[in-house]
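# Architecture and fold: a report
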Amino acid sequence: SLRTGVAAVCIAAAAAPPGFAETALRATGPLDIRVAQAKTFSRVEFRWSGGARMITRRDGQVLTLRFSRDARPDLSGLNVVPVQWLKGAAVSHEGGGLTVRLTLADGADAKVGEADGADYVNLFAKPPPTADAAAPGAAAAAPAAMAPTHPDPTPPGGVVTMQAVATGSQVRFDFPWAKPLGAAVFRRADAIWIVFDTAAKIDVSAAPTGLPQYAEVRALQGPGYSAVRIATRTPIAFSANVVGSTWTLTLAPFDPTPLTAIKVARSDADGPPALNALLPGSTSVAWVDDPDAGDKIAVVTALGPPKGLVGRRDYVQMTLLPSGQGLAVQPNVDDLSVAYSGDFVTLSRAGGLTLSSKTVTDRAQTLAMDAPRPAVMPGLFERDWAKTGPGGFLARYDGLMDAVAQEEAKGADGGVEAHMALARFLIGSELSYEAIGVLNDAMRSHPSVGADPEFRALRGMARAMARRYAEAETDLGVPALADNAAAANWRGYLAARQSRWADAKREFAAGASAINQFPDHWKNAFGRSAAQASIQLVDFASASAWIDFALAGNVSVLDQLQTRLVQASLFEAQGDSSRALAMYDALSRAASDQIAGPAILHATRIQYDRGQMTPAKAADIYASLRYRWRGDAFELDTIRTLGQLYLSQGRYREALETLRSAGHRLPDLPESVQLQADLAAAFKSLFLDGQADGLQPIQALALFYDFKELTPIGADGDAMVRKLTRRLVDVDLLPQAEELLKYQADNRLDGVPRAQVATDLATIYLMDKQPEAALDAINASRTTVLPNALNLQRRIIAARALTGLGRYDDALEMIGDDPSADAMDARSEIAWRQKAWPQAGALFEKQLGERYKAAGPLTADEEGKLLRAGVAFSLAGDDASLTRLRDHFAAFVPASRNPDALRVALTGVSEGRITVADWGRLAADNQAFEGWVQKMKQRFRDNAGALGRQAAVTLPAATDAPPATG
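Residues numbered from 1 in each chain as written. Predicted model: local features only at pLDDT ≥ 70, side-chain atom pairs only at ≥ 80, totals over all residues. Heavy atoms only, no water.

### Re the overall build of the chain
Where we set the bar: Helix and strand assignments follow DSSP, with helices taken as H or I runs no shorter than four residues and strands as E runs no shorter than two, numbered in order from the N terminus. Throughout, exposure labels follow a simple rule: accessible area from a 1.4 Å probe, protein chains only, divided by the maximum for the residue type, with under 20% read as buried, over 50% as exposed, and the rest as partly exposed. For this analysis, residues touch if any pair of their heavy atoms sits within 4.5 Å. Calculation of accessible area relied on Shrake-Rupley with a 1.4 Å probe; when residues are assessed, cover is drawn exclusively from the protein chains displayed.
Counting its secondary structure elements, the chain contains 32 helices and 33 strands. When burial is assessed residue by residue, the chain has 51% of its 966 residues classed as buried. By sequence separation, contacts in the chain at least 24 residues apart represent 60% of the contacts at least 6 residues apart. Carbon and sulfur atoms make up 52% of the accessible area of the chain, which amounts to about 41,500 Å² in all.

The following block contains the structure:
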C-alpha cells in the first residue's frame with residue numbers, strides 16, 4: 001500500500017510503530033526531497049513545485065535519475081544519516097537539468113515510480129535470482145518465459161473456471177485464482193486477450209453464446225502462461241480490474257475504470273538505442289502464440305492495480321498494442337528482446353532499435369523543461385498545459401512566444417518544438433483560434449511536421465473546439481491516428497456535431513479505452529455526445545449509461561445542465577413526455593440562455609403536441625426564441641420549428657420567409673442542411689403538390705416570383721412551372737405565362753422537351769393574338785427527331801399562326817392531308833378567312849357532325865362553328881344547306897350564349913341586307929375564337945401533369961431570372 005504515493009507514506013509514518021522515520025532534506029529551490037524508512041524498504045521522494053520530468057538509468061548498483069529542471073538540493077543527509085540499502089548519493093548539473101546518482105548497497109534492488117505528483121525510489125533487499133526473461137526472438141524455438149516468483153495460484157483441481165455475466169450492453173468475465181498473480185489484457189486486431197503468468201487450464205464453457213459483443217471465446221496455454229482470446233464482432237471497449245486474486249475483464253460501451261498509463265521512453269543507458277517502459281509489479285515475459293496470425297506476441301504481465309498503454313504505438317522493429325493491463329509487443333524483427341528487471345521493461349536488439357536521433361530527443365527535453373510537455377498519446381490533454389505560474393497568463397504566454405521567435409529566427413534549422421509547446425498551452429487554455437494560427441505557422445515553415453501525429457492531433461483538437469468540424473476531421477482522420485483511441489473520441493465528437501450518429505457511436509466505442517484520460521470537462525462533452533448518438537439510434541440503454549458517465553466527474557454547473565438537457569431528450573424519446581416536460585420546465589429557469597432556450601423550445605413543442613397551447617401562443621414563443629440565442633444549432637432548430645408551425649396553419653408566405661431567414665449561415669451544422677431541405681420541401685408542396693391551389697392566381701404568382709430561387713432542378717421544377725402556367729392561362733394572365741415558358745425554352749432545354757414547351761408557348765401566343773411570335777417559337781425549337789403526335793400538333797399550331805398572318809396557302813401546305821379534328825378546324829378557319837363560303841360552310845357543318853342528336857347546350861366552340869356555318873351558307877346563297885342546318889340546330893338557339901346572332905345566321909340573308917351579313921361575320925369571328933381559346937385552356941388543364949413529367953426544366957435562379965411583368 002505504501003507504493004501509492006506521498007499520502008500513503010505520511011499516513012504510514014503517523015501510524016507505524018517506532019523505527020519508521022521520515023526526513024525532509026533541506027533544499028534551495030523548487031525541489032523537495034523526502035526520505036522514509038520502514039522495516040522492509042526505504043523510500044526517497046523527489047517533489048518539484050511545478051513538476052519536472054524524470055528519466056532513469058540503471059548501471060549495476062548505480063541508479064541515475066535525470067530531471068528536466070535544475071535545482072541545488074542538500075544531499076548531506078543521504079550521505080551522513082544511514083539509509084538502509086543505500087551507500088551514497090551524488091548530484092551534478094548537466095545540460096540545464098539536475099542529475100542524481102544513487103549508489104545501492106550490495107544485495108539491494110530499487111523500484112522507481114510516480115505517484116501523487118512526486119517521483120519516488122523504493123530501496124529493498126534483492127529477491128533471489130530468477131531466470132532471464134529475455135526472448136531471443138520470434139525465430140527461436142520455444143522461447144522460455146520468466147518463471148513467476150509468486151506462489152502457485154492454481155485452484156485445487158488445477159482448473160480455473162471462468163464466470164461470465166451479461167448485463168445490457170456490458171459483458172463481464174471473472175477469473176478466480178487461488179492466489180494473486182500477474183496478468184495482461186490487450187487488443188490485437190478484432191480480438192481481446194487476457195494472459196496470466198501461470199500455465200493452467202481455463203474452463204470457458206460458461207461463456208454465453210449469441211451475444212452481439214463477441215463471436216468466440218477460446219482458452220489457450222503455453223510455456224509459463226495461460227490465456228483467453230475473445231474474438232469481438234464490433235469495436236468495443238475493454239477494461240481490466242483485480243480484486244484479491246480474481247481478475248476481471250469487462251467489455252462495455254466505454255471504459256468505466258481509470259487507467260494508469262504506462263510511460264515508454266528512450267533508454268538513457270549507454271550502448272545501442274533501446275526503449276524502457278515503467279511497469280510496476282512486473283511478473284513475467286511470455287511469448288504467446290497467436291493462432292490466427294501464426295506468430296508470437298511478447299506479453300509482459302504485472303500485478304494490479306491495472307496499468308496499461310493507452311493507444312497503439314508503431315515503431316520500425318515492433319508495435320506496442322493498446323492494453324488495459326500489462327504490455328503486449330508485436331515484433332517486426334526476429335531478434336527483438338523483451339526483458340524486465342524490477343519495475344522496468346527493456347525493449348532492445350543486438351544492433352539497437354531504430355529510433356529518432358538522440359540529439360533531437362535531448363533538444364525536445366531541454367525545451368520541455370519549462371514548457372507544456374506532450375501528452376502520453378496524441379489527442380489527450382496534460383493537466384499542466386494551462387498552468388501559468390506565478391507571473392500569470394501574460395508572462396507565461398510571452399515566455400513561450402519568445403521561444404517561438406527564436407525558432408523563427410533560425411529558419412529551417414529552428415525546428416517546431418517551441419511552436420508545439422505554445423500550441424499545447426493555448427489548447428489547454430481553450431484558445432482554439434490562436435492555437436490554429438500557431439500550428440499553421442509551424443507547418444508553413446516546416447511542411448514535414450504535417451506527418452507528425454501529435455501535430456495533427458493538436459490542430460484537430462483546436463479546430464474541433466473552434467467548430468471547424470470538416471477541417472478537424474481532415475486532421476484527426478490521417479492514417480497515423482487511425483488506431484489512436486484518444487483521436488477516436490474526437491472523431492466521435494465531430495460526427496455527433498454533424499448528426500452522423502452511427503459514425504459517432506462507432507468512434508466512441510473505439511476510443512472508450514482512452515476516454516478516462518481526458519479532463520472532466522471533455523469526458524462530459526464526449527459522454528453527452530455519445531448519449532445523443534445512442535438516442536438517435538434508439539439505443540436507450542447505452543444513452544442512459546453514457547449520461548451517467550458524463551455526470552460522474554467533477555464538472556461545472558453548465559456542463560451538468562447541458563447533460564440534463566440531453567437526459568430530458570432521452571425521456572422524451574422514450575415516450576415519457578410528462579417527465580421530460582418537468583425537466584424542461586426546470587431547465588428553462590436556468591440563468592444561461594444556452595440551456596434555457598432549448599428547454600423552452602422543447603417544452604413548448606410538448607405542450608403544443610398535447611393540445612395544452614394554442615398555435616398562436618406557440619408561434620409567439622418560437623418567434624421570441626429566434627432572437628434570444630443566435631449563432632448555433634439552437635437558432636436553426638427554432639427557425640425550423642416556427643416555419644413548420646406556419647405551414648401547418650396555411651400561413652405560407654410567413655413560413656417561407658421564416659425558413660429563408662436563416663439563409664446559408666452555419667453551413668457546417670446539420671441543422672442548416674435540414675432547414676434548407678424543409679424550405680425546398682415547403683416550396684415544392686405549394687407549387688407541385690397542390691397546396692397553393694387554394695390561393696388566388698395572383699397571390700400564387702406573387703409568392704412564386706418572391707421565392708423562385710427555390711425552384712428545384714429537373715422534372716419537378718418543370719412540372720411546377722407548368723402547373724403555375726396553367727393557372728395563369730385560366731385567368732387570362734397570358735403575358736406572365738408566356739414569360740415563364742419562354743425562359744424555359746430559351747435557356748433550360750434542348751431536344752424534345754424544348755419542342756414540347758415551345759409548342760405550349762406558341763399556343764399561348766395564339767391565344768394572346770400574337771401569331772408572329774407563335775411562329776417564331778415553333779421555328780426556333782425545330783429538331784430532327786420528334787414524336788409523331790407532337791410533330792402533328794406543332795404543324796397545326798404553325799398553320800394557325802400562318803393563317804393569322806394571312807399566308808393561307810402556306811398554312812394549307814403545312815396542314816397537308818392530316819385527317820385529325822384539329823387539322824379540319826384549321827382548314828375551316830383558312831376557308832373562312834379566304835371567303836370561300838361554300839367550302840367554309842361545309843367544313844363547319846362537318847365538324848358539328850351529329851351533335852344535334854345529343855342533348856345539352858352547345859359549348860362555346862360548337863356554338864362558334866354553328867354560327868360560322870350559318871353565315872357561310874347565307875353568304876353562299878345555299879338555302880338548302882341553311883334549311884338543313886336550321887332544322888337540326890334550331891332547338892339549341894334559345895339556350896345558347898348568343899341567341900340573337902344564331903337566330904339571324906340561321907334565318908338567311910336576303911338581297912339588300914348586307915349589313916346584317918357583315919354583322920354576322922364579325923360576331924362569328926369573335927365567337928369562334930372564344931370557343932377555340934376555351935378548348936385550349938381545357939387542354940392545358942388536362943395535360944399539365946403529364947407534360948410536367950415529360951420535360952426536365954427549372955426556372956432561373958433569382959440572379960438571372962427575367963423581370964416579372966403584369
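Following the structure, the description resumes.
### Here's the deal with the confidence of the model for the chain
Operational definition: Each residue carries a pLDDT score, the predictor's own confidence in it, on a scale running from 0 to 100.
Of the residues in the chain, 83% have a pLDDT of 70 or more, and the chain-wide mean is 80. For the stretch residues 1-28, pLDDT sits under 50, and the model shows 60 contacts to residues farther than four places along the chain or on other chains.

### Considering helix α30 (residues 879-889)
Note the threshold: Here the arc refers to the set of directions running from the helix axis out to each C-beta atom.
Those residues of α30 that sit buried are Ser 881, Leu 882, Leu 885 and Phe 889. All buried residues of α30 project into a common sector of 100° when viewed along the axis, lining one side. Turned more than 90 degrees away from the buried face of α30 sit Asp 879, Ala 880 and Asp 887, all of them exposed. Among the structural elements, α28 (837-848), α29 (860-876) and α31 (899-907) are those in contact with the buried residues of α30.

### A few points about the pairing of strand β20 (residues 237-243)
Let me state the cut-off plainly: Two strands pair if DSSP finds at least two bridges between them.
In the sheet, β20 pairs with strand β21 (residues 246-252) via seven bridges, with the strands oriented antiparallel. By the bridge assignment, Ala 240 is partnered in β21 with Leu 249. Hairpin connection between β20 and β21: a loop of two residues separates the two successive antiparallel strands, and Gly 244 in this loop has a positive phi of roughly 65°.

### Brief notes about the sheet that holds strand β5 (residues 54-59)
Within a sheet, adjacent strands bond to each other through the backbone by hydrogen bonds, running parallel or antiparallel. Which entries qualify depends on this criterion: Comment: axis = line fitted to C-alpha atoms, over the contacting stretch for helices; angle = value between 0 and 180 degrees taken between N-to-C directions.
Judged by pairing direction, the sheet is antiparallel, and its four strands sit side by side in the order β5-β6-β9-β8 without closing on themselves. Each edge of the sheet is formed by a strand with only one pairing partner; in this case those strands are β5 and β8 (86-94). Strand-to-strand twist across the sheet, computed as the mean angle between neighbouring axes with direction ignored, equals 15°. Strand direction decides the pairing type here: strand β6 (residues 62-67) and strand β9 (residues 97-104), joined by five bridges, are antiparallel. Within β9, the residue paired with Thr 64 across the bridge is Arg 101.

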